[in-house]
Amino acid sequence: MVEPDDVKIEASWKEVLKGELGLEYFKALRKFVKGENQHAIVYPAPKHIFRAFGLTPFGKVQVVILGQDPYHGPRQANGLCFAVSEGVPLPPSLQNIFKELSADTGAPFEALAKEGDLERWAKQGVLLLNATLTVRARTAGSHQGKGWEEFTDAVIRKLSEKRKNLVFILWGNYAKAKGAYIDRTKHLVIESAHPSPFSAYGGFFGSKPFSKTDAYLIAHNKKPINWL
């Protein structure tokens, strides 16, 4: 990881989060990730750590989908939660997301499953945010508790405070814990089980988060998301 001025945090986010970038925890986090990159493989690549912010500027956010860690396998993590780079086989959680999207909206699963990058969602205002933005290769959760959670808590707080009528989609207990920072009188919060195969049948399938999101956006005079 490089210095804040070099990581290409999109300008509107940099303005909103400028108070965080100079705090001691963030300085320690930068030092930790830089050290990890010197003696281990870290995902995603440095240029993609803040990719979600670059594709979805602060004022363009309409929906927040919150993940936990980046994928820790080769070529998978690309800076957008649950997404994978072009040409990479879809992980089980993303397959289940597409299955629920198909059942919820009628979009053909085969068409959805052709592309796992999800950049098309991000460019429409869907902030695809992991709670932890980096991970050591093949070591799930290895960069938890190093400061990323504090940083992404601040992201959610800023969105809750400064924006209105956003949709926050929280899948699984780890994401639900972030709901403590959301003003539910101003925003819609959709919660369910995680799309992982270990939990998807415990409340994720059938939760209809995509149609609920679009109905809320339309009710507040916003454009629905083209999920296909």
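Before reading further, recall that the structure is shown in the block above.
Structure report, in brief. (Residues numbered from 1 in each chain as written. Predicted model: local features only at pLDDT ≥ 70, side-chain atom pairs only at ≥ 80, totals over all residues. Heavy atoms only, no water.)

1. Examining the packing of helix α3 (residues 24–39) against helix α8 (residues 148–162)
Here is step 1 of the chain: Packing of α3 against α8 leaves a shortest axis separation of 9 Å and a crossing angle of 130 degrees. It follows from the interaxial angle that α3 and α8 lie oblique. Helix-helix and strand crossings are classified by hand; for α3 and α8 the assignment is left-handed. Side by side, α3 and α8 meet where Tyr-25, Phe-26, Leu-29 and Val-33 of the first sit next to Trp-148, Glu-150 and Phe-151 of the second.
Here is step 2 of the chain: Here the contact of α3 with α8 is built from residues that sort into six nonpolar, no polar and one charged. (Axes fitted to C-alpha atoms, helices over the stretch in contact; angles between N-to-C directions. Helix = DSSP H or I, 4+ residues; strand = E, 2+ residues; numbered from the N terminus. Parallel < 35°, antiparallel > 145°, perpendicular 65-115°, else oblique. Left-handed = near helix turned anticlockwise from the far one by under 90°. Contact = heavy atoms within 4.5 Å. Nonpolar A, V, L, I, M, F, W, Y, C, P; charged D, E, K, R; others polar.)

2. Describing the packing of aromatic side chains
Here is step 1 of the chain: Enumeration over the complete set of coordinates arrives at 18 aromatic pairs.
Here is step 2 of the chain: Centroid distance Phe-50 to Phe-151: 5.9 Å. Interplanar angle 80 degrees. Geometry classified as edge-to-face. In this pair, Phe-50 is assigned in the loop between β1 (42–43) and α4 (51–55) and Phe-151 in helix α8, connecting sequence segments 101 residues apart. No difference in accessibility class separates Phe-50 from Phe-151, as the two residues are buried.
Here is step 3 of the chain: Between Tyr-201 and Phe-205, the ring centres sit 4.9 Å apart and the planes meet at 65 degrees, which makes this aromatic pair edge-to-face.
Here is step 4 of the chain: The structure contains a cluster of three or more aromatic residues connected by ring pairs, namely Phe-82, Phe-98, Trp-121, Trp-171, Tyr-201, Phe-204, Phe-205, Phe-210 and Trp-227. (Phe/Tyr/Trp six-rings, centres within 6.5 Å; stacked < 30°, edge-to-face > 60°. Buried < 20%, exposed > 50% of the residue type's maximum accessible area, 1.4 Å probe, protein only.)

3. A few points about the sheet that holds strand β2 (residues 63–67)
Here is step 1 of the chain: Spatially, β3-β2-β5-β6 is the arrangement adopted by the four strands of the open sheet, whose pairing is parallel. Both outer strands of the open sheet, β3 (126–130) and β6 (188–192), are each paired with one neighbouring strand and no more. Strand-to-strand twist of the sheet, defined as the mean angle between neighbouring strand axes without regard to direction, takes the value 15 degrees.
Here is step 2 of the chain: Judged from the four bridges that link them, β2 and strand β5 (residues 167–171) form a sheet pairing that is parallel. Each bridged residue has a counterpart across the sheet, and for Ile-65 the counterpart in β5 is Ile-169.
Here is step 3 of the chain: Across the sheet, helix α10 (residues 209–219) touches β2, β5 and β6, and the angle it forms with β5 is around 165 degrees. (Pairing = 2+ DSSP bridges.)

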